[in-house]
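Okay, here's what each chain looks like letter by letter:
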Amino acid sequence: SNFTLTNDVGPCSSDGLIIGADNITLDLDGHRVFGVPTSGEGVGIRLVGRTGVVVMNGIVSNFDAGVAIERGSANTVTMVTAKDNIGSPEGNFGDGIAVFESPNNVIHANTVTGNGPFSGISLVGIASSGNYIKYNTVLSNAVAYTTQGVKIQQTDGIRLEPLTSKNSVVGNKV
């Protein structure tokens, strides 16, 4: 059922919240979901195979990814601050908001800052089509990391991987 947080959630040592049903709203009500600031700590809010979910109105920080939509469709992430979510360059995450193999989602009016090493907002996989990324503020997602003794710094604000298609990126401040 729909759920509104009444307190902060954390510190979480793996995933923070996992959405377990379709067509629900998770209202963070201004609260935060937070992990610990080390890589390997999971995802703040994870939607796997979900449809019609709305995540809104709060802060997600100190995970490998703030919000991750995986193989889901028609979900909305709005008015979320995703900050300081730092993954490993060898892992799957390192983003504020990540959309994997997921069509027709809306990423709207979020503030995404200090995430990495990959991006602020990312779309990955051939099924990631028809998504709307609009009116977000995406700043300072330039996290440096070292791999095999070499310092690497990616500075992607909004990242659309190869094979994604028919996505709209409109009115964002990057």
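Structural data are supplied above this passage.
Here we summarise the structure given alongside this text.

Rules of the game
- Residues numbered from 1 in each chain as written.
- Predicted model: local features only at pLDDT ≥ 70, side-chain atom pairs only at ≥ 80, totals over all residues.
- Heavy atoms only, no water.
- Helix = DSSP H or I, 4+ residues; strand = E, 2+ residues; numbered from the N terminus.
- Rg over C-alpha atoms; globule rule 2.2 N^0.38 Å.
- Buried < 20%, exposed > 50% of the residue type's maximum accessible area, 1.4 Å probe, protein only.
- Contact = heavy atoms within 4.5 Å.
- Lys, Arg positive; Asp, Glu negative; His and termini not counted.
- Charge placed at Lys NZ, Arg CZ, Asp CG, Glu CD.
- Pairing = 2+ DSSP bridges.
- Axes fitted to C-alpha atoms, helices over the stretch in contact; angles between N-to-C directions.
- Salt bridge = Lys/Arg side-chain N within 4 Å of Asp/Glu carboxyl O.
- Phe/Tyr/Trp six-rings, centres within 6.5 Å; stacked < 30°, edge-to-face > 60°.
- Lys NZ or Arg CZ within 6 Å of the ring centre and 35° of its normal.

1. Here's the deal with the overall build of the protein chain
Inference 1: Looking only at helices and strands, one finds zero helices and 19 strands in the protein chain.
Inference 2: For a compact globule of 174 residues, the expected C-alpha radius of gyration is about 16 Å, and the protein chain comes in at 15 Å, within 12% of that figure.
Inference 3: Taking the principal axes of the C-alpha coordinates as reference, the protein chain spans close to 50 × 40 × 25 Å.
Inference 4: Every one of the 174 residues in the protein chain was classed for burial, and the buried ones make up 46%.
Inference 5: Intrachain contacts of the protein chain at a sequence separation of at least 6 include 65% that bridge at least 24 residues.
Inference 6: Looking at charge distribution, the protein chain has the averaged site of its 10 positive side-chain charges lying 5 Å from that of its 14 negative ones.

2. Side note on the sheet that holds strand S13 (residues 119-124)
Inference 1: Strands sit in the order S3-S6-S8-S10-S13-S18 across an open sheet of six strands; the sheet is parallel. Because the sheet does not close on itself, it has two edges, and the strands there are strand S3 (17-19) and strand S18 (156-160). Shown here is a sheet whose adjacent strand axes are inclined to one another by a mean of 5°, direction ignored.
Inference 2: Across five bridges, strand S10 (residues 95-100) lies against S13 in parallel orientation. Along S13, the bridge assignment pairs Ala98 with Ser122.

3. Quick notes on the pattern of salt bridges
Inference 1: Evaluated as defined, the whole model comprises six salt bridges.
Inference 2: Arg46 is the salt-bridge partner of Asp15, the closest N and O atoms lying 2.9 Å from each other. Taken as a pair, Asp15 in the loop between strand S2 (9-12) and S3 and Arg46 in strand S6 (residues 43-48) lie far apart in primary sequence, 31 residues in all.
Inference 3: The partly exposed category is assigned to Asp15, whose relative accessible area is 21%.
Inference 4: Here Glu70 ties to Arg46 by a salt bridge, and the two come within 2.8 Å at their closest N and O atoms. Pair noted here: Glu70 is in strand S8 (residues 65-70) and Arg46 is in strand S6, with a separation of 24 residues, a long-range link.
Inference 5: A relative accessible area of 12% places Glu70 in the buried class.
Inference 6: The class for Arg46 is buried, based on a relative accessible area of 17%.
Inference 7: Each of the salt bridges in this network shares a partner with another, and the network as a whole consists of Asp15, Arg46 and Glu70.

4. Some words on the packing of aromatic side chains
Inference 1: Across all of its chains, the model carries one aromatic pair by this definition.
Inference 2: For the ring pair Phe93 and Phe100, a centre distance of 5.5 Å and an interplane angle of 80° mean the geometry is edge-to-face. Take Phe93 and Phe100: they sit in the same class, and that class is buried.
Inference 3: The lysine or arginine in question, Arg32, covers the ring of Phe34, its NZ or CZ lying 3.8 Å from the ring centre.
Inference 4: A cation over a ring is seen here: Lys134 above Tyr132, with NZ or CZ 5.8 Å from the ring centre.

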